[in-house]
Amino acid sequence: MRLRNIPGSREAIAENSWCIQDPEQIKGNWHEVFKNDHPIHLEIGMGKGKFLMTLAQQNPQINYIGIEKYSSVLLRGLQKMEEEPLENIRFIRMDAETICNVFQEGEVDKIYLNFSDPWPKDRHAKRRLTSRQFFARYHLILKKEGLVEFKTDNQDLFDFSLEEVEKAGWKLEASTRDLHHDDNMNQGNVMTEYEERFSSMGNPIYKLIASR
């Protein structure tokens, strides 16, 4: 469930140095933001930021960018960053549909999709972050060897995603229907807030990794 709207959240985000205000102007020059040539990993729908911040702490040699369209949710992540600043992470408040306006061809090394909105109605299928329409966008911004990693507790969305990988012309590198009991795929797994909640309820966690 999303957080309720927080009064003043957009204003607070606009004033925060960790959040990029005009990302379209940085397209093709993200390494200048981080002042290095490290790989760029992107999480679309970062929520409160626990997953991304944990990875950034563990991997200082990688630059992380979190995208979140809800101001009230993104604000929670920014508040955490104020408490424990990390130089290898930045945030963007935006809708993922315009992602190709923000990143140049081959500028991103990996994309994480964690517990994305399932958009359960068929007429909204193209809005799902694992739809063939979004895979076409990922194709443009990822390096040739780039990967998409997707986790969910929603079986219907996972089944849809497996089909879309093939229909999009991508390759399924690995998949599991019970991540936390899969010794290979669970190795090094970083849990999100949603993952902790759903798994504590006994829900299996589904995961796939796709490449071109």
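Let us look at the structure shown here. The model shown is predicted, which means the values in this text are computed figures rather than measured ones. (Residues numbered from 1 in each chain as written. Predicted model: local features only at pLDDT ≥ 70, side-chain atom pairs only at ≥ 80, totals over all residues. Heavy atoms only, no water.)

1. Thoughts on the pairing of strand β1 (residues 40–44)
The element β1 is largely enclosed, with a buried count of 5 among its 5 residues. Side chains I40, L42 and I44 of β1 all project onto a buried face; the interleaved residues H41 and E43 project onto the opposite face, where all are buried too. Summarising the sheet, β1 and strand β2 (residues 63–68) pair through 5 bridges and their orientation is parallel. Pairing of L42 across the sheet is with I65, part of β2. (Buried < 20%, exposed > 50% of the residue type's maximum accessible area, 1.4 Å probe, protein only. Helix = DSSP H or I, 4+ residues; strand = E, 2+ residues; numbered from the N terminus. Pairing = 2+ DSSP bridges.)

2. Brief notes about unusual backbone geometry
Phi at K35 is positive, roughly 60 degrees, even though this residue is not glycine. With respect to the secondary-structure elements, K35 resides in the loop between α2 (30–34) and β1.

3. Digging into helix α5 (residues 132–141)
Taken residue by residue, α5 has F134, F135, Y138 and I141 as its buried positions. Looking straight down α5, one finds its buried side chains confined to an arc of 125 degrees; they lie on one side. As for α5, its buried residues are in contact with β1, β4 (108–114), β5 (142–152), α6 (155–167) and β7 (206–211). (Arc of directions from axis to C-beta. Contact = heavy atoms within 4.5 Å.)

4. Side note on the pairing of β5
By the bridge criterion, 6 bridges tie β4 to β5 in an arrangement that is parallel. The residue of β5 that forms the bridge with I111 is V148. In the classification by handedness, the crossover that spans β4, the intervening α5 and the parallel β5 is right-handed. Pairing analysis gives 5 bridges linking β5 to β7, with the strands arranged antiparallel. Looking at the pairing, K151 lines up with K207 of β7. (Right-handed = clockwise from strand over helix to strand, strands pointing away.)

5. Description of the state of the cysteines
By the definition in use, this model includes 0 disulfides. With no disulfide of its own, C19 lies closest to C100 among cysteine sulfurs, the gap being 20 Å. (Disulfide = S-S within 2.5 Å.)

6. Some details on the pattern of salt bridges
Inspection of the entire model under this criterion finds 9 salt bridges. Across the pair D109 and K143 runs a salt bridge, and its minimum N-O distance is 3.5 Å. With D109 in strand β4 and K143 in strand β5, this pair connects stretches of sequence that are 34 residues apart. Between E164 and R132 there is a salt bridge whose closest N-O contact spans 2.8 Å. Here E164, found in helix α6, pairs with R132, found in helix α5; they are 32 residues apart in sequence, far enough to count as distant. Judged by its relative accessible area of 3%, E164 is buried. Exposure remark for R132: the relative accessible area of 38% places this residue in the partly exposed category. Overlapping salt bridges bring together K110, E149 and K207 as one network. (Salt bridge = Lys/Arg side-chain N within 4 Å of Asp/Glu carboxyl O.)

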